[in-house]
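Report on the structure
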Amino acid sequence: MGGGLSDAGPRPARELADHLDGVTGAVVDDDLLQRALTHRSFAYEAGGLPHNERLEFLGDSVLGLVVTDALYATHPDLTEGNLAKLRAAVVNMRALASVARTIDLGAYLRLGRGEESTGGRDKDSLLADTTEAIIGAVYLSGGMPPAARLVHHLLDPVMAASATMGAGLDWKTSLQEMGSLHSLGSLEYRVAEEGPEHAKTFTATVLLGGEPSGEGRGRTKKDAEQKAAEQAWLAIRARHDGLPGA
């Protein structure tokens, strides 16, 4: 499928198209979808094919509008500043990469050999950018209604979770606030790393009052710590259900 692929190559884009058609209720144009899945590293190695950066630019705007509209309607009492924080908690690289993994988007990427060999199929930045490009492709194929259906399908759970996180709107800040509120003791993160330099995996453990309270794994230290904080925050909320801030 081109000189930029590894021996394994990506999964057929038609599999993803079938899923998108079902979610959006519209037929996604095959050429647009293929472009949305094409990273510039592949395009360069294949002799200058169109790649996904223009679709990413378009999809970013569509995504922002749909999320902003949903948050504005769902949270009528929030100030502009808090709405902006909430949107930032939803529309960011980590959140978009996470939802990309729920549809195994990395398996469909067309990558150059360099990106392929350094774990590009699971890089947060590539997954987030491709998610936006897919949204752009759906928008061009069928307009705003199917694009909005895709955004809601992917991000409604993220919007619902973010709305519970408190003023900080990130898991580490929210965990710190909850720990202080319930006098749970000092907060500490311990991080271990494994794997080669170009493809490290980090495992973070969060301790509250010296006791392990959550664990997370990620491609960066920050991501692993956020996931550990999320696990701990959810566990504490379950234990303290009904208490202020829980």
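Whatever comes next refers back to the structure up there.
Here's what I pulled together on the structure shown here. Worth saying up front: this structure is predicted, and the values here are computed from it rather than measured. (Residues numbered from 1 in each chain as written. Predicted model: local features only at pLDDT ≥ 70, side-chain atom pairs only at ≥ 80, totals over all residues. Heavy atoms only, no water.)

**Side note on the overall build of the protein**
- In terms of regular secondary structure, the protein is built from eleven helices and three strands.
- Put simply, the protein runs from its N terminus to its C terminus through helices and strands in the order α-α-α-α-α-α-α-α-α-α-β-β-β-α.
- For a compact globule of 246 residues, the expected C-alpha radius of gyration is about 18 Å, and the protein comes in at 20 Å, within 12% of that figure.
- A principal-axis box enclosing the C-alpha atoms of the protein has dimensions of 60 × 45 × 25 Å.
- Within the protein, buried positions represent 44% of all 246 residues.
- For the protein, the proportion of contacts with a sequence separation of at least 24, taken over those separated by at least 6, is 57%.
- By element, 52% of the accessible surface of the protein is carried by carbon and sulfur atoms, the whole surface being about 12,200 Å².
- Here the protein holds 24 positive side-chain charges and 34 negative ones, and the gap between their average locations is 2 Å. (Helix = DSSP H or I, 4+ residues; strand = E, 2+ residues; numbered from the N terminus. Rg over C-alpha atoms; globule rule 2.2 N^0.38 Å. Buried < 20%, exposed > 50% of the residue type's maximum accessible area, 1.4 Å probe, protein only. Contact = heavy atoms within 4.5 Å. Areas by Shrake-Rupley, 256 points an atom, 1.4 Å probe, with all protein chains shown as cover. Lys, Arg positive; Asp, Glu negative; His and termini not counted. Charge placed at Lys NZ, Arg CZ, Asp CG, Glu CD.)

**Here we look at the packing of aromatic side chains**
- One pass over the full model with this rule turns up one aromatic pair.
- For Lys-172, the ring lying beneath its charged end belongs to Tyr-189, and the centroid distance is 4.7 Å. (Phe/Tyr/Trp six-rings, centres within 6.5 Å; stacked < 30°, edge-to-face > 60°. Lys NZ or Arg CZ within 6 Å of the ring centre and 35° of its normal.)

**Notes on the nonpolar core**
- In terms of nonpolar packing, the biggest core is built from 46 residues, with Leu-16, Leu-33, Leu-37, Val-67, Ile-134, Leu-150 and Leu-155 touching the most fellow members.
- For this core, the secondary structure elements donating two or more residues are helix H1 (13–24), helix H2 (30–36), helix H4 (53–74), helix H5 (80–90), helix H6 (93–102), helix H8 (124–142) and helix H9 (144–162).
- The contacts of Val-67, once residues within four sequence positions are left out, are Arg-87, Val-90, Val-91, Val-151, Leu-155 and Met-159. (Core = buried A, V, L, I, M, F, W, Y, C linked by side-chain atoms within 4.5 Å.)

**As for the sheet that holds strand S3 (residues 211–218)**
- An order of S1-S2-S3 is seen for the three strands of this open sheet, with the pairing classed as antiparallel. Strands with a single pairing partner mark the edges of an open sheet, and in this sheet they are strand S1 (187–194) and S3. If you compare each strand with its neighbour and ignore which way they point, the axes differ by 20° on average.
- As judged from the eight bridges shared by S1 and strand S2 (residues 201–208), these two strands associate in the antiparallel manner. Bridging across to S2, Glu-193 finds its partner in Phe-202.
- Contacting S1 and S2, helix H10 (residues 171–181) crosses the sheet at an angle of about 145° to S1. (Pairing = 2+ DSSP bridges. Axes fitted to C-alpha atoms, helices over the stretch in contact; angles between N-to-C directions.)

**Concerning the pattern of salt bridges**
- As enumerated under the stated definition, the model contains 18 salt bridges in all.
- Between Arg-219 and Asp-122 there is a salt bridge, with the nearest N and O atoms lying 3.9 Å from each other. Of the two residues, Arg-219 sits in the loop between S3 and helix H11 (221–239) while Asp-122 sits in the loop between helix H7 (113–117) and H8, which places them 97 residues apart along the sequence.
- Taking relative accessible area as the criterion, Arg-219 reaches 22% and is therefore assigned partly exposed.
- Glu-188 is the partner of Arg-190 in a salt bridge, and the nearest nitrogen-oxygen pair spans 3.2 Å.
- The class of Arg-190 is partly exposed, set by a relative accessible area of 49%.
- Judged by its relative accessible area of 37%, Glu-188 falls in the partly exposed class. (Salt bridge = Lys/Arg side-chain N within 4 Å of Asp/Glu carboxyl O.)

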